[in-house]
Amino acid sequence: MKKTQWNLSVTLIYALVFIFFMTKPLFAARYYIDITSPYFKRIPVAIPEFKILSKGRTLEDRALTEKFKKNLPEVLIHDLEFCGLFRILSPRGFLVDPQKMGVKTGEINFKNWRIQGTDLLVRGAFHVINNTLILELRLFDVVKAKMMVGRAYEAPSEDFRSVIHRFSQEIYKALTGKPGIFLTKIAFVNKIGKKKHLFICDFDGENVQQIIKKGETILSPEWSPDGKKLAYVSIEDMGPALFMADLEQGTARRLCSYRGLNIAPAWNPKKNLLAVTLSVHGNPEIYTIDLNGRVQKRLTKFWGIDVAGSWSPDGRYLAFVSNSPGNPQIYILDTETMEKRRLTFSGNYNTDPSWSPTGEWIAYASLSRDGTNIFRIKPDGTDLQQLTANSGRNEHPSWSPDGRMIVFSSNRTGKQRLWVMFADGGQQKQLTFLSGSQSDPAWSPFMD
Amino acid sequence: MNKENLIYNLWYRQPDWYSWSKAFLVSLFLHLGILLIALTFNTISPVSAPLPMVYNVELVSGLEVPGLTTAGRTKGTDVSTKTKKTKPKARVTHKSIPIWRVKAKSSIAGKPTIEKTQVEVPLAKTAESSNMVDRELEKLTSAVAGENSIKANAPGQDTGVKKTTTGAEGTSGKPAGASAGGTPGTSRKGETLSLARSAYYTEVWDRIRREWALPDELLKQKGNLAAIIVIRIRRDGKILDAKFEKRSGDKVFDNSVWRAIWKADPLPPFPQIYSAEVDELGIRFRLAELLN
Amino acid sequence: MRLRKSNGRIFALLAIIGLIFVSLSCSKAPVRTTVPELTPEERARIAAEEEARRKLEAERLKHGRSVEESLAELYANKEELKALQEFQNEDIHFAFDSYVLSPEAQKILDKKVAWLRKHPDIKIIIEGHCDERGSNEYNLALGERRANSAREYLINAGIDPDRIHIISYGEERPLALGSDEASWAINRRAHFVVWKK
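The rules behind the values
Residues numbered from 1 in each chain as written. Chains lettered and ligands numbered in written order. Predicted model: local features only at pLDDT ≥ 70, side-chain atom pairs only at ≥ 80, totals over all residues. Helix = DSSP H or I, 4+ residues; strand = E, 2+ residues; numbered from the N terminus. Buried ≥ 20, exposed ≤ 12 C-beta atoms within 10 Å, placed from the backbone. Contact = placed C-beta atoms within 7 Å. Axes fitted to C-alpha atoms, helices over the stretch in contact; angles between N-to-C directions. Parallel < 35°, antiparallel > 145°, perpendicular 65-115°, else oblique. Left-handed = near helix turned anticlockwise from the far one by under 90°. Expected span 1.5 Å × (residues − 1). Arc of directions from axis to C-beta. Nonpolar A, V, L, I, M, F, W, Y, C, P; charged D, E, K, R; others polar. pLDDT = per-residue confidence, 0-100. Pairing = 2+ DSSP bridges. Core = buried A, V, L, I, M, F, W, Y, C linked by C-beta atoms within 7 Å.

Draft legend 1. Structural context of the overall build of chain B. Within chain B one finds 7 helices and 5 strands. Along chain B, helices (α) and strands (β) appear in the sequence α-α-β-β-α-α-α-α-β-β-α-β when read from the amino end. Classification of the 292 residues of chain B by burial places 33% in the buried group. By sequence separation, contacts in chain B at least 24 residues apart represent 77% of the contacts at least 6 residues apart.

Draft legend 2. The overall build of chain C, seen in detail. When its secondary structure is counted, chain C shows 6 helices and 4 strands. Taken from N to C terminus, the helices and strands of chain C fall in the order α-α-α-β-α-β-α-β-α-β. By residue count, 29% of the 197 residues in chain C fall in the buried class. Restricting to contacts in chain C with at least 6 residues of sequence separation, those with at least 24 account for 75%.

Draft legend 3. Layout of the packing of helix H4 (residues 103-118) of chain C against helix H5 (residues 136-156) of chain C. Residue and element names in this part refer to chain C. Here H4 crosses H5 at 55°, and the two axes come no closer than 10 Å. Accordingly, the angle class assigned to the pair H4 and H5 is oblique. Read as a crossing pair, H4 and H5 show a hand that is right-handed. Across from Gln106, Leu109, Lys112 and Val113 in H4, the residues of H5 making contact are Ala150, Tyr153 and Leu154.

Draft legend 4. Seen up close, H4 of chain C. Residue and element names in this part refer to chain C. Along its 16 residues, H4 runs 23 Å from first to last C-alpha, staying within 8% of the 22 Å computed at 1.5 Å per residue. Looking only at H4, the buried set comprises Ala105, Leu109, Lys112 and Leu116. For H4, the angular spread of the buried residues around the axis is 60°, confining them to a single face. Opposite the buried face of H4, by more than 90 degrees, sit the exposed residues Pro103, Glu104, Lys107, Lys111, Ala114, Arg117 and Lys118.

Draft legend 5. Region of interest: helix H7 (residues 251-263) of chain B. The end-to-end C-alpha distance of H7 of chain B is 18 Å, a good match for the 18 Å that 13 residues give at a rise of 1.5 Å each. Looking at H7 of chain B, one finds that the buried residues are Phe253, Ser256, Val257, Trp258, Arg259, Ala260, Ile261 and Lys263 of chain B.

Draft legend 6. Molecular detail of the interface of chain B and chain A. Facing the 40 residues of chain B at the interface are 35 residues of chain A. If you list the elements that add at least two residues to the side of chain B that touches chain A, you get helix H2 (17-44), helix H6 (184-209), H7 and strand S5 (278-286) of chain B. Among the elements that take part in the side of chain B that touches chain A, S5 of chain B stands out by supplying 7 residues, more than any other. Considered class by class, the residues forming the side of chain B that touches chain A number 27 nonpolar, 4 polar and 9 charged.

Draft legend 7. Representation of the confidence of the model for chain B within the structure. Residue and element names in this part refer to chain B. Mean pLDDT for chain B: 60, with 39% of residues reaching 70 or above. Low pLDDT (under 50) marks residues 45-134, which in the prediction has 195 contacts with non-local residues, meaning those over four places away or in another chain. Confidence drops under pLDDT 50 across residues 143-188; counting only partners more than four residues distant or on other chains, this segment forms 87 contacts.

Draft legend 8. Structural context of the environment of Thr288 of chain A. Residue and element names in this part refer to chain A. Here Thr288 is to be found in strand S17 (residues 285-290). For Thr288, a count of 20 C-beta atoms within 10 Å puts it in the buried group. Separated by 10 residues in sequence, Thr288 and Arg298 have C-alpha atoms that sit 6.5 Å apart. Among all residues touching Thr288, those that are not within four sequence positions of it are Leu273, Leu274, Ala275, Gln296, Lys297 and Leu299.

Draft legend 9. Structural detail: the sheet that holds strand S26 (residues 385-386) of chain A. Residues and elements named next belong to chain A. Pairing in this open sheet of 4 strands is antiparallel, and the strands run S23-S24-S25-S26 from one edge to the other. At either margin of the open sheet sits one strand with a lone partner, and together these are strand S23 (350-355) and S26. The pairing of S23 with strand S24 (residues 362-368) spans 4 bridges and is classified as antiparallel. Within S24, the residue paired with Asn350 across the bridge is Ser366.

Draft legend 10. Fine view of the confidence of the model for chain C. Residue and element names in this part refer to chain C. Confidence along chain C averages 73 in pLDDT terms, with 63% of residues attaining 70 or more. Under a pLDDT of 50 for its full length, residues 60-80 has, in the predicted model, 19 contacts with residues more than four places off or in other chains. For this predicted complex, the interface confidence score (ipTM) comes to 0.83, while the overall pTM stands at 0.69.

Draft legend 11. Focus on the packing of helix H2 (residues 59-82) of chain A against helix H4 (residues 160-176) of chain A. Residue and element names in this part refer to chain A. Closest axis-to-axis distance for the H2/H4 pair is 9 Å, and the angle between their directions is 40°. Viewed along their axes, H2 and H4 adopt a mutual orientation that is oblique. Crossing handedness for the pair H2 and H4: right-handed. The residues of H4 that touch H2, namely those facing Phe68, Asn71, Leu72, Val75, Leu76, Asp79 and Leu80, are Phe160, Arg161, Ile164, His165, Phe167, Ser168 and Ile171.

Draft legend 12. Expanded view of the sheet that holds strand S19 (residues 306-311) of chain A. All names here are of chain A. Across the sheet, which stays open at both edges, the 4 strands sit in the order S19-S20-S21-S22 with antiparallel pairing between neighbours. Each edge of the open sheet carries a strand with a single partner, namely S19 and strand S22 (339-342). Direction aside, neighbouring strands of the sheet carry axes that sit 30° apart on average. As defined by bridge partners, S19 adjoins strand S20 (residues 317-322) across 4 bridges and the pair is classed as antiparallel.

Draft legend 13. Spatial organisation of the nonpolar core. In this structure, Val276 of chain A together with Ile283 of chain B are the most contacted members of the largest nonpolar core, which totals 172 residues. At 8 residues, the largest contribution of residues to this core is made by H6 of chain B. Among all residues touching Ile283 of chain B, those that are not within four sequence positions of it are Ile33 and Ile35 of chain A together with Ile208, Ile228, Ile229, Ile231 and Ile261 of chain B.

Draft legend 14. Molecular detail of the environment of Arg376 of chain A. Residue and element names in this part refer to chain A. Here Arg376 lies in strand S25 (residues 371-377). Sequence-wise, Arg376 and Gln386 are 10 residues apart; in three dimensions their C-alpha atoms are separated by 6.4 Å. Sequence-distant contacts of Arg376, that is, excluding residues within four places in its chain, are made with Trp361, Ile362, Ala363, Gln385 and Leu387.

Draft legend 15. Examining the pairing of S20 of chain A more closely. Residues and elements named next belong to chain A. A large share of S20 lies buried, amounting to 6 of its 6 residues. The side-chain alternation of S20 yields two buried faces, one formed by Tyr317, Ala319 and Val321 and the other by Leu318, Phe320 and Ser322. What sits between the antiparallel neighbours S19 and S20 is a turn of 5 residues, in which Gly315 has the positive phi angle 75°. Direction of pairing for S20 relative to strand S21 (residues 329-334): antiparallel, over a ladder of 6 bridges. Pairing of Tyr317 across the sheet is with Asp334, part of S21. Hairpin connection from S20 to S21: 6 residues lie between these consecutive antiparallel strands, with Gly326 at a positive phi of about 110°.

Draft legend 16. Just the environment of Asp204 of chain A, in detail. Residue and element names in this part refer to chain A. Residue placement: Asp204 occurs in the loop between strand S9 (195-202) and strand S10 (209-210). Judged by the 20 C-beta atoms lying within 10 Å of it, Asp204 is buried. Between the alpha carbons of Asp204 and Gln430 there is a distance of 9.7 Å; along the sequence they are 226 residues apart. If we skip the residues at most four places from it in the chain, Asp204 touches His78 and Phe82.

Draft legend 17. Up close: the pairing of S17 of chain A. Residue and element names in this part refer to chain A. Of all 6 residues that make up S17, 5 are buried, and the element is covered over most of its length. With 6 bridges connecting them, strand S16 (residues 273-278) and S17 associate as antiparallel partners. In the strand pairing of S17, Ala275 is matched with Thr288. Adjacent in sequence and paired antiparallel, S16 and S17 are bridged by 6 residues, among which Gly282 carries a positive phi angle near 110°. Summarising the sheet, S17 and strand S18 (residues 295-298) pair through 3 bridges and their orientation is antiparallel. When the bridges of S18 are listed, Tyr287 appears paired with Arg298.

Draft legend 18. Inspection of unusual backbone geometry at higher detail. The peptide bond linking Asp265 of chain B to Pro266 of chain B adopts the cis configuration, its omega dihedral lying at 0°. Here Pro266 of chain B lies in the loop between H7 and S5. In the Ramachandran plot, His396 of chain A falls in the positive-phi region, its phi being about 55° despite a non-glycine side chain. Relative to the assigned elements, His396 of chain A resides in strand S27 (residues 394-399). Taking the number of C-beta atoms within 10 Å as the measure of exposure, His396 of chain A has 28 and is therefore buried.

Right, here's the structure in full:
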């Protein structure tokens, strides 16, 4: 029995020791390495020439086919480069003739594309029949060898751009889960001679159309939150008056023309009203009006100048310009408590406030000896950053609906044109190249 | 009398080795079962070593030699490890704690034995790294060779000297001293093997990193995304398979890291000296703190 | 005898189990490799990317797009009546971002007061203008304040308020088309126009 006891104890000890070892890693089977940030901020995508399904029967169809062979992928490439998230691989590295390459999942040698170093591949195939463009587009994940998005389009050939923009929108959504700006528009003013007229173009500066034929001096276009209407100022004999254009119906009606000024419309994103500047009571003050032009409320009371600016995305705060300190500065008004607080303290001429749709920034123009430049600042007044420098007059910033880009007017080339840049001031590039002087840009909300 | 009987019965109840052992075995298997469950769950939950890191390879450009620290001691190493603080012959930086050395024998097919050393590979640039690695390798091998000769002369000191350069120490319970004092040839090979392996991992890191494309500004709002992919690499560099050990929860992120892995395929082949057929490696992808 | 044998077996069993577990143990000892900072190689790559981008932008600027140009119509000038030439031609000027009447401005306004007294049936419009700098909207408001300053001065001098209307054109109707200080000074003005009899 003693022996049993002894054996038992030994066994128990052994077992304990054994268990003790179970909790100790004896040797590892696997190492881990850390990669803490992506090497590229842009996803590489290969977009070879689109495949021609048939050359076309009529002369016109053939000519269009030839033109589209280049134009279609060009528009797509430009779209994806524009939004800053994609890096387009140079077609020179592509090994196979795009006219012979397959377009469907089963027809593509994904391994070859993987070797090129691309994450994504777009294959397109089209033909033109009686001036109608029929286009198939497919986006592939090269590694998974799977199609991510596939679409077939049929449209009049002159609308080829909007077809491509639609697919860019699909690509963007597939890669980010969010809507892109490919279907948005920019309203702006173009001055030719002494006349200023209202125009709209696509987000990429193409497809320019004049939308108001009447009137001689039109200013300050402002989109409605649904993107279907435009408010604007037209200077008439008796002074500036406010109008509203209905883009779907193609009509325009007077909104209000009180005595004196009717200017600077700022459309509230959440409510059916606009903040405007009227001087009907003798002094330029900010009022809110409804969509029939009736005054709702007076927002400022100051003997100097108060000019309406830009609403916060929740529709509660209004950033506006007031020269109460003696020179124009930007203020924020809480329209619920009617408290106003000064936002800008740097520089002595700050105007054109524009609240980003994400609510994170307010961009504005600041005039100084070095010219006029665009700045951005947080609504609480912190983190002031200069976005343009040493480049003439840069004014009237307007945010894209996803808050990633800003369109503004700049005369840095000697002529006043519209320019775009990213929200941090990066990659400034010219957007419009029309003769005349382009100004007062307003980026539309997301459009369907 | 009853009491006595009771005691007698309880204590000397039955010869019973069998019932005792039965009970014991039952309890043992219960314990093992629980441990098994714990281990398997370990693979699912995020990896967090319950114990201090046992192996740390830091690829930073640091050429300082803080010298031998006593960090290696803290893990309860009490076996024969009178580490003499002799000056290290090779310029290596020592960081942390290795554990006991396992004999360099490939006991299970397909699984490499892992040597643990305290060697830190200073790495300023990728290009230079291999030079550094080679230099370190040389120094170490010569150092160890030197030790071997010393050892021949002064057997009593050998453990200590060897510990100086390799830093490996034994831990309690295992006859580490025996294996350490054993085949120097094997241990030397063990050291260079690990070095080359770290250098190889650096290359793998670089290759995969260069293929990772992600516009991280879009994911700024989502906070700290992290995903872990475990890959098995064949000797010639081909990735045999890859699987997610941990997904970040964000499809865009996960897809981008998956593409990064496979675009890096094939990876460079294993260094000559590393004789394993297949290696398993975990890649942890994270978004670093974005400086606004 | 029997006990020992079983004993041995048990121990053997435990040993085998132990070995199995040891070999299958997949406890992880994570190896962490920290990532070094930007290597010069990476810096070079980033610089090359930027350079490529800059080249692309420059090319875009050069390329330009042409649209059919519309003919510029001549802007109809305001009516000029000889008798009122001085009244209408002499503008008052303002400092930048200001609607304060300078002494010179006040002298000119005095002349206008005199002329208005002579023609009591005439109504006028005072236009407020600004130079091209600054925001359009703000300048429209500023222009109106400038016109208003002149108006108030005239009213204070005894002219009937009903005779004076104001309008602001902001920076929309510059007189001088240059972009220099001299042109800007000319454009910062209040302008007087006879409205109707």
